[in-house]
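What the coordinates show
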Amino acid sequence: MRLLSALFSLFFFALISGVVALFFLFQYYAKDLPDYAYLKDYQPPILTRIYADDGRMMATIAAEQRIFVPIKAIPPRVSGAFMSAEDQNFYQHAGVDVFGVARAAVTNLRNFGRDRRPIGASTITQQVAKNMLLTNEVSIERKVREMILASRLEKTLSKDRILEIYLNEIFLGNRSYGVASAALNYFNKSLDELTVAEAAYLAALPKAPNNYHPARDHDAAVARRNWVISRMAEDGGITEEEAQAAMQEPLQTRSRDEAETVVGGDYYTEEVRRQLIAQFGEKPVLEGGLAVKTSLEPRLQRVATQALRDGLIDYDRRNRGWRGPVAKLSSLENWLAQLKNIAVPAGGEAWKMAVVIGVSAKEAELAVIDGTRGHLPWAEMKWARRELADDKFGPPVTKPADVLSVGEVILVDDVTTGPDGKAYPVGTYTLRQVPVVQGAIVAMDPHTGRVVAMTGGFSPKISQYNRVTQAYRQPGSSFKPFVYMAALDKGFTPSSLVLDAPFEYVQGPGLPLWRPENYSQEFYGATPLRVGIEKSRNVMTVRLANAIGMDAVVETAKKFGIVEEMPNLLSFSLGAKETTPLRMAAAYGMIVNGGKKIAPSIIDRVQDRDGKTLWRTDMRPCEGCLSPSWSPDLPTPEIPDMREQVEDPRTAYQMASMLEGVVQRGTGARLKALGFPVAGKTGTTNDSRDAWFVGFTPDLVCAVYVGFDEPHSLGSHETGASVAIPVFQTFMAAAMKDKQAIPFRMPEGLRLVRVDAATGALASIADKNAIWEAFVPDTEPKEGEPRPILDGSVTGEFAGGVNVPAAVNPDGSEGGLLIDGQPAAGGASNPLPQPITTEGTGGLY
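Cut-off values and rules
Residues numbered from 1 in each chain as written. Predicted model: local features only at pLDDT ≥ 70, side-chain atom pairs only at ≥ 80, totals over all residues. Heavy atoms only, no water. Helix = DSSP H or I, 4+ residues; strand = E, 2+ residues; numbered from the N terminus. Polar contact = N/O pair within 3.5 Å; in protein donor to acceptor, adjacent residues only side chain to side chain. Contact = heavy atoms within 4.5 Å. Salt bridge = Lys/Arg side-chain N within 4 Å of Asp/Glu carboxyl O. Phe/Tyr/Trp six-rings, centres within 6.5 Å; stacked < 30°, edge-to-face > 60°. Buried < 20%, exposed > 50% of the residue type's maximum accessible area, 1.4 Å probe, protein only. Core = buried A, V, L, I, M, F, W, Y, C linked by side-chain atoms within 4.5 Å. Patch = residues over 30% accessible without salt bridge, like charges linked within 9 Å, V, L, I, M, F, W, Y side chains within 5 Å. Areas by Shrake-Rupley, 256 points an atom, 1.4 Å probe, with all protein chains shown as cover. Pairing = 2+ DSSP bridges. Axes fitted to C-alpha atoms, helices over the stretch in contact; angles between N-to-C directions. Parallel < 35°, antiparallel > 145°, perpendicular 65-115°, else oblique. Nonpolar A, V, L, I, M, F, W, Y, C, P; charged D, E, K, R; others polar. Lys, Arg positive; Asp, Glu negative; His and termini not counted. Charge placed at Lys NZ, Arg CZ, Asp CG, Glu CD.

**Topic: the side chain of Arg530**
- Considering the arrangement of structural elements, one finds Arg530 in helix α16 (residues 529-534).
- A polar contact is formed between the side chain of Arg530 and the side chain of Glu773, at a distance of 2.6 Å.
- Other than its neighbours up to four places away in sequence, Arg530 contacts Pro494, Ser657, Met658, Gly661, Arg665, Ala757, Ile771 and Glu773.

Structure below.
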C-alpha cells in the first residue's frame, strides 16, 4: 500500500511538473509571436486578368496564380475532399488535433534512425498559421509556435474563415495557388464542374505537388488520389458506389481551349503590363486582382501577327539566303530521341523540327519530330542559296543536295499548295528558318485612338523588345504628308506647282554640299503637290519645306504627335527625325478623322477585385447613360466630342485625298487590288535601312515598319513598296473582309473641281486623266489664269496668299539653298541641315 501511495505521489508530482514545464515552455515560445489579427480582413494576393475587346482572356499577371473564391462558393465536395485528406476532425478540434499528434509521435519514433523526414500532424488551422505567419523550418520550436498560433486563430476566426484562407492560399503545383486556379490549370473547369475524382486529385497535392504530377508521376498520382477518395467515403462525404466509380475514372488533365483565350498578343500583353505598373505600381498589379479591359480585337491581332511574320519570312528568303541547319546528327540511330533533345531556335516554336534521312534529285525525305515521315520538294527549298558574310552569297543552288544533306536537323512547316498553285500531297513540308530582319505592325481606330492590334517583332521568344512602341527609327518619306499639310495650311493647294529641279545646299564650313535626289535620280520640272506626294518626289519636297519655312513643318509634326521636339533642319523634311510606328499610326489617324487629336490607347478600363472602376480611357461625360431605366420614348444620350481640333478638317481631307492618289497612281499602286478606298504613304530611308508603309481606310489606320535592330541595308532595291506594303495589304485584305466599303468623309467648306491628275490644271470634258480635286473655295485653278511655279526664288504673294520667306540668311552666315550653283531667293529662315550621308546625297523614298 505504501508502495502504491509512493508511486501515485511520484506520478502526480511528475504530472504536475510536466504541466508546469509545459506551461512555461508555451509561455516561452509564445513570446514575440507574429500578429495574426490582420487575418480577420485578409485578402490574399490574386492575379490580374487582362481581357480582349470581346471579353476573352488574354493573359494573367501575378506573383502567384490565384483566383479567390469565398467559402460559400466552394462546393462541399471540394472542401470535403481537402478535409478528408488533410484534417478529418477540422470542425471538432480547437486548432490542434491531440490524437493526430499522438499518432505522428508514434510513427516518428518508429522511423527514428532511418533517415526519414519526420511527419507532422498539422491541422488545417496549423497549416494556415505556418503558411501565413511562420516559416517551413522543421524544428520543435516552430511546431510549438505553430500550435500556439493555431489555438489562438481558432478563438479569433471562424472555422469557415480559416478554411477559406486555406483553400485560397494553398500551393497545388502547375503554377496554381488556391483550388480555383488549380481546377482551371489542371482540368479547365470551375470548382462546381469538378468530378469526385478530380476534386480528390487536387486534395492529394498539398503535401508534395511535385511528387504527384499527372503525367510524369501518373501511377503515384492515381494511388494518392484513390487514397483520398477512400478517406472521403470513410468520412461519409461520398457513398461507396461513388468512391468505386471515382477510382475507376482515368486521371486526365486538360489545358484551356484556344477558343477561350486569345493567342498571338504577347507584345500587346507586355505593353499592357508596362503601362499598368507605371500607373498603379508593381504590387497592386501583381497581387491586387485587377480586371483590365483592353481594346485588342482578337481577329485583327491574329491576322496582323501572321501578316508580319509572312512578310518577314518572304523578305528573308528573297534577300538573306540560307543560314544552315539547326544541328546535324552523327547518325540516324534513335533519331527521334536525339531530335527531342535539340532545343528549338527562338522564334521557331510554331514550326516542326525534322531530320533529313534522304536526298534525291527532286526532294528531301524527312523524319519529323511528331514521329511521322514527310518530304520536302525542290520548289520549297530552291530559294536557299547559302548566305555568307558581308551580305554575300554562295553559288546558285540547282538541286536538293546543294541545300541539304542526310542527318541535318531543320525547321519545316506544313504546306498544302506549291508555287504553281497545284495541291501538294499530305505530308509535304516547306523549309523554314527564323528571319534576322525584324519589323512591327500596329492598327488602331482613327476616331478614338484605340489600338486594336499590335505586334512588335517576329516573335517575343527572340526578344520582348516592342518595335511598335520602343523602336525609334527614321520614317523617311512617310513623313512627307506633314510637310505638304503645312504647305496647305499656308495657302497652297493640291494643284500648286513646285519646281522639281536639281539644287545644292551649303551645310556649313567643312561640310559637303547636300544634293537631294529623287529615287529615280531624275527631275521632272514643275509638278503639282498631288503628284509630288503620289510619286514621293524628294527634291520638290525640300523646296516646298524651304519655301514655307521649317518652323511650320516642325510645328505640324509636333501637333500631330510624331515628335516631342525636332530641330528645324531642312533635311528633316525628308523624314530624318526618328519616331515610332505607334506615333506614325496615330498621326495618320488624325488625317483621316478630320484633324481631331487622338492619343493611342491599349487599355479601356481597369477595375479592382470588387469591380470598382479605378481608371478608364474614355472620360467623356454622358448624362442619361447611367439612368436606372430607359424606354424607346426617351432620347438617346448624346456624348460630347471632346477631341481637340489640331488641323483644319478641309486640309486633312485634302491630304487624305492626295494619299488616296498614292494608291491610285503612285508608289502604293499595288494596293489598288484591294478594291476598296485606301490611302497611305511609303517610306524608305537612306541605303534602304528602314522600310515603312502607313495607311488607312475611313475607319482603320495601320502602320508597318521593317528593318534590322542593328541598322543595316535591306538591299539596294528594297523599298517600303516592296517590303512593307505586302504586309499592309495582307492585313487590310483580311481586316476588311465582308465589310462594306465606304468613301472617305468630306467635310463642309470644300469645292470639288475636275482637274488633270498629272498637271493639276482644269480638265476638259474629254480628259481621261481627270479627277475630282478638293479645293477651299476660290483657291481652285481659274480658266485662263497662269499658275505660278514655286522655284525657290518667288517672293511676296503666292496663290492663296502664301508668304514665301526671303532668300538670303538675315545674318549673312554661310548656309542656304543653291540653284545652279547660285544662292536661291527662298527659304532663308531655315538653319543648316543635318548631313544625310558622307556624299551629301539624299535618296529617301
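**Some details on the pattern of salt bridges**
- Scanning the entire structure with this criterion turns up 39 salt bridges.
- Here Lys207 ties to Glu86 by a salt bridge, and the two come within 2.7 Å at their closest N and O atoms. Taken as a pair, Lys207 in the loop between α8 (196-203) and α9 (218-234) and Glu86 in helix α2 (residues 76-86) lie far apart in primary sequence, 121 residues in all.
- The network of salt bridges with common partners includes Asp53, Lys293, Arg450 and Asp604.

**Thoughts on the packing of aromatic side chains**
- Per the counting criterion, the structure on display carries 16 aromatic pairs.
- For the ring pair Trp322 and Trp383, a centre distance of 6.1 Å and an interplane angle of 85° mean the geometry is edge-to-face. Separated by 61 residues along the polypeptide, Trp322 in the loop between α13 (298-319) and β4 (327-328) and Trp383 in the loop between β7 (373-377) and β8 (408-414) bring together distant segments of the chain. Take Trp322 and Trp383: they sit in the same class, and that class is buried.
- Look at Phe482 and Tyr588: their rings are 5.7 Å apart centre to centre, the planes differ by 75°, and that puts the pair in the edge-to-face class.

**Let's talk about unusual backbone geometry**
- The backbone of Asn188 sits at a positive phi, close to 55°, despite the residue not being glycine.
- Residue position: Asn188 is located in the loop between α7 (179-187) and α8.
- Residue Asn188 is classed as buried on the basis of its relative accessible area of 8%.
- Phi is positive for Gln521, close to 60°, though the residue is something other than glycine.
- Relative to the assigned elements, Gln521 resides in the loop between β13 (504-506) and β14 (525-528).

**Here's the deal with the nonpolar core**
- Core analysis: the biggest nonpolar cluster contains 85 residues, and Phe482, Ile591 and Phe696 have the highest contact counts within it.
- Tallying contributions element by element places helix α19 (residues 581-592) first for this core, with nine residues.
- With residues up to four places along the chain from it excluded, the contact list for Phe696 reads Tyr588, Ile591, Val592, Ala656, Leu659, Pro677, Val678, Ala679, Val701, Phe728, Met732 and Phe744.
- Listed in part, the 53 residues of the second largest apolar core include Ile165, Leu202, Ile229 and Leu251.

**Digging into a nonpolar patch on the surface**
- Where nonpolar side chains cluster on the molecular surface, the patch consists of Leu332, Val359 and Val406 and spans about 190 Å² of accessible area.
- Topologically, Leu332 is positioned in the loop between β4 and α14 (335-340).
- Exposure remark for Leu332: the relative accessible area of 32% places this residue in the partly exposed category.

**Thoughts on the sheet that holds strand β19 (residues 700-707)**
- Strand order in the open sheet formed by five strands is β11-β10-β19-β18-β17, and the pairing between neighbours is antiparallel. Edge positions in the sheet fall to β11 (451-455) and β17 (679-684), since each has one partner strand and no second. Averaged over all pairs of adjacent strands, the angle between strand axes in this sheet comes to 5°, irrespective of strand direction.
- Of the strand pairs in this sheet, strand β18 (residues 690-697) and β19 are connected by eight bridges, and their pairing is antiparallel. If you follow Phe696 over to β19, its bridge partner there is Val701.
- Those strands touched by α19 are β10 (438-444), β11, β17, β18 and β19, and its axis lies near 35° from that of β18.

**Details of the packing of α19 against helix α20 (residues 649-665)**
- For the pair α19 and α20, interaxial distance at closest approach is 7 Å and the crossing angle is 110°. The angle between α19 and α20 places the two elements in the roughly perpendicular class. For the pair α19 and α20, contact is made by Tyr588, Met590 and Ile591 and by Ala652, Met655, Ala656 and Leu659, respectively.
- Residues of the contact of α19 with α20, tallied by class, amount to seven nonpolar, no polar and no charged.

**With respect to a positive patch on the surface**
- Taken together, the side chains of Arg299, Arg302, Lys737 and Lys739 make up a positively charged region of the molecular surface.
- Overall, Lys739 belongs to the partly exposed group, its relative accessible area being 48%.

**Here's the deal with the environment of Ala221**
- By the secondary structure assignment, Ala221 is in helix α9.
- Separated by twelve residues in sequence, Ala221 and Pro209 have C-alpha atoms that sit 9.4 Å apart.
- Aside from chain neighbours lying at most four places away, what touches Ala221 is Tyr201, Tyr212, His213, Pro214 and Leu251.

Everything listed is a geometric property; what it means functionally is a separate question.
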